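Survey of secondary and tertiary structure
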Amino acid sequence: EIMPSLVGSEMCIRDRIYWEGEELVRSLSVAWCESYHSLTAYNGEDHSVWQINEHYWKDALGHRAWSRIYTAEGNAAAAHHIWKAGGWKWWTCGRK
């Protein structure tokens, strides 16, 4: 079980909805590499925990989803949607 102190209780609870087992661990590793699990992370193009790129994903995700990008649930849902579309290759930190 992921300890709440590792990622924050809300992120831990929400993240488990989208990934399980090894993919859960990988998702948390990617998020740590991208943002140190920071909901407020922003580098000028990429947003929140999984650093979702605005240019590529804002329109694809839609207004409602994008409006929740800085929430734990919203960012995890967006990351999971993107992951389903092509795995971890979309994240620099996700490439092997």
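Everything here concerns the structure above.
Figured I'd write up the structure that's included with this text. Model, not experiment: these values are computed from the prediction.

Counting its regular elements, the chain contains six helices and two strands. Taken from the N to the C terminus, the helices and strands of the chain come in the order α-α-α-β-β-α-α-α. Within the chain, the fraction of its 96 residues that count as buried is 40%. Long-range contacts, defined here as pairs at least 24 residues apart, represent 47% of the contacts in the chain between residues at least 6 apart. As displayed, the chain has an accessible area near 5900 Å², and 52% of this comes from carbon and sulfur atoms.

A few words on the nonpolar core. Trp-19, Trp-50, Ile-52, Leu-61 and Trp-91 are the most contacted members of the largest nonpolar core, which has 19 residues in total. Among the elements of the structure, α3 (21–35), α4 (54–61) and α6 (72–84) are those that each provide at least two residues to this core. With near-sequence residues (within four places) excluded, Trp-19 lies in contact with Leu-24, Ser-27, Trp-50, Ala-76, Ala-79, His-80, Trp-83 and Trp-88.

For the rest of this paragraph, the subject is α4. Looking at where α4 begins, the residue whose side-chain oxygen comes 3.0 Å from the main-chain nitrogen of His-55 is Asn-53. Where α4 ends, the next residue or the one after it, Gly-62, has phi of about 95 degrees, a positive value.

It is worth spelling out the environment of Asn-75 at this point. Relative to the elements of secondary structure, Asn-75 occurs in helix α6. Separated by 26 residues in the primary sequence, Asn-75 and Val-49 place their C-alpha atoms 6.6 Å from one another. In this structure Asn-75 touches His-47, Ser-48, Val-49, Trp-50, Ile-52, Arg-68 and Ile-69, once residues within four positions along its chain are discounted. For Asn-75, the side chain forms a polar contact with the main-chain nitrogen of Trp-50, separated by 2.8 Å.

With that out of the way, let us pick up the packing of aromatic side chains. What characterises a pair of aromatic rings is the spacing of the ring centres plus the angle enclosed by the ring planes. Counting across every chain of the model gives seven aromatic pairs. Consider the rings of Trp-83 and Trp-88, whose centres lie 6.0 Å apart with planes at 40 degrees: the pair is tilted. We classify Trp-83 as partly exposed; its relative accessible area is 21%. Accessibility expressed as a relative area gives 5% for Trp-88, which makes it buried.

Reading guide: rules and limits
- Residues numbered from 1 in each chain as written.
- Predicted model: local features only at pLDDT ≥ 70, side-chain atom pairs only at ≥ 80, totals over all residues.
- Heavy atoms only, no water.
- Helix = DSSP H or I, 4+ residues; strand = E, 2+ residues; numbered from the N terminus.
- Buried < 20%, exposed > 50% of the residue type's maximum accessible area, 1.4 Å probe, protein only.
- Contact = heavy atoms within 4.5 Å.
- Areas by Shrake-Rupley, 256 points an atom, 1.4 Å probe, with all protein chains shown as cover.
- Core = buried A, V, L, I, M, F, W, Y, C linked by side-chain atoms within 4.5 Å.
- Polar contact = N/O pair within 3.5 Å; in protein donor to acceptor, adjacent residues only side chain to side chain.
- Phe/Tyr/Trp six-rings, centres within 6.5 Å; stacked < 30°, edge-to-face > 60°.

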